[in-house]
Amino acid sequence: MTQTVNGTHHNSHPVPLQSHPHYYPPPSSSSSKASFKGCCCCLFLLFSFLLLLILAVILVIVLALKPKKPQFDLQQVGVQYVGITPNSVIAAAASSASVSLNIHMVFTAVNDNKVGIKYDESRFTVMYRGIPLGRGIVPGFYQPAHSVRRVETTIVVDRVNLLQADAADLIRDAALNDRVELRILGDVGAKIRVLGLTSPGVQVSVDCAIVISPRKQALTYKQCGFDGLSV
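None of these values were measured; they are calculated from a predicted model.

What follows concerns the side chain of Thr153. With respect to the secondary-structure elements, Thr153 resides in strand S9 (residues 147-162). Given the relative accessible area of 6%, Thr153 is considered buried. At a separation of 3.0 Å, a polar atom in the side chain of Thr153 contacts the main-chain carbonyl oxygen of Ile137. Excluding its chain neighbours within four sequence positions, the residues that come into contact with Thr153 are Ile103, His104, Met105, Phe107, Gly136, Ile137 and Val138.

Below, the structure is given as structure tokens:
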């Protein structure tokens, strides 16, 4: 239906507009990369904060407890048996000799700390002029705070052969001087335990010089030293 106004025809039905499809741009790859980098940065900051917090707690505990180094000393040495047998004699000099020893050692562990100490298994070697003769083992143990503990071990040397020069020196020391000097070397590993947590291990090197009398079957001299702590 049309109407005439001032000689102009107008259509009463409006002409529909042509519809256009909507266009959505694809997601930008740069925005996703930026989001990923932001997450990584947040995680890094979180882990850094947690690490600093743990270090601060450990530092406060260390300053509060003031841990001391473990004291591990050789207190007693008992000579249970000493036997030196020349295997053969050539031109009044021993070509070789066999050594048998039974040495009982008593160590004292002193813990003056406010927390306990966990000791690892320790091994001690008896040596004559740089030659290892035998080894003793002290099993690992836990020592409570403010306590003293005795630990014992026995080193058994069963007919260890020495060559000509060392055998001659040993027989001369035993027969003429009645004095055989030995060294006891070992490392003692320990860790401090705080609130169920174990600290990094520390190690104390033990170096003891002892002199035994084959005739008396007894110890005549002992001197021990510590090389210090090593982490």
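Continuing now.
Now for the nonpolar core. Within the largest apolar cluster, 38 residues are counted, with the highest numbers of intra-cluster contacts made by Phe72, Leu101, Met105, Phe124 and Leu182. Considering each element in turn, this core owes the most residues, seven residues, to strand S4 (residues 93-111).

With that settled, the discussion passes to the environment of Arg123. Summarising the element assignment, Arg123 is placed in strand S6 (residues 122-128). Accessibility expressed as a relative area gives 40% for Arg123, which makes it partly exposed. Residues Arg123 and Ile137, spaced 14 residues apart in sequence, show a C-alpha to C-alpha distance of 4.6 Å. What Arg123 contacts, discounting residues up to four positions off in sequence, is Arg135, Gly136, Ile137, Leu185, Gly186 and Asp187.

Right, let's talk about the layout of surface pockets for a bit. It is the rolling of a water-molecule-sized probe over the atoms that shows where space remains empty. By volume, the second largest pocket amounts to about 180 Å³. If one sorts the elements of the lining of the second largest pocket by residue count, strand S10 (residues 180-194) sits on top with three residues.

To describe a pair of aromatic rings, one takes the distance between the centres and the angle between the planes. Evaluated as defined, the whole model comprises five aromatic pairs. Look at Phe72 and Phe124: their rings are 6.4 Å apart centre to centre, the planes differ by 5 degrees, and that puts the pair in the stacked class. Placement of Phe72 in strand S3 (residues 71-90) and of Phe124 in strand S6 is noted, with a sequence separation of 52 residues between them. Look at Phe107 and Phe124: their rings are 4.5 Å apart centre to centre, the planes differ by 20 degrees, and that puts the pair in the stacked class.

The rules behind the values
Counting restarts for each chain: residues are numbered from 1 in the order of the written sequence. Per-residue local features of the predicted model are confined to residues with pLDDT of at least 70, and side-chain atom pairs are confined, for both listing and counting, to 80 or more; whole-chain, interface and lining totals are unaffected and use all residues. Excluded from the side-chain calculations are hydrogens and water; all other atoms, namely the structure's heavy atoms, are used. Here a helix means four or more residues in a row that DSSP labels H or I, a strand means two or more in a row labelled E, and each is numbered from the N terminus. For every residue, the accessible area obtained with a 1.4 Å probe (protein chains only) is divided by the maximum for its type, and the residue is called buried under 20%, exposed over 50%, and partly exposed between those limits. Within 3.5 Å is the distance limit for a polar contact, defined as a pair of N or O atoms, with the added protein rule that one can donate a hydrogen and the other accept it, and that residues adjacent in sequence qualify only through two side-chain atoms. Only heavy atoms enter the contact rule, under which two residues are in contact if any of them lie within 4.5 Å. The set of buried Ala, Val, Leu, Ile, Met, Phe, Trp, Tyr and Cys residues whose side-chain atoms join them within 4.5 Å is what this entry labels a nonpolar core. Each cavity reported here is a set of points on a 1 Å grid over the protein atoms alone in which a 1.4 Å probe fits but cannot get out, each pocket an open set with protein on both sides within 12 Å along at least five of seven lines, and each lining residue one with an atom within 4 Å of a point. Grid points are joined across faces, edges and corners, and a volume is the space filled by probe spheres set on the points. Stacked, tilted and edge-to-face are the three classes applied to pairs of Phe, Tyr and Trp rings, where Trp contributes its six-membered ring and a pair requires centres within 6.5 Å; stacked means planes under 30 degrees apart, edge-to-face means over 60, and tilted covers the rest.

It is worth stressing that arrangement in space is one thing and function is another; only the former is reported here.
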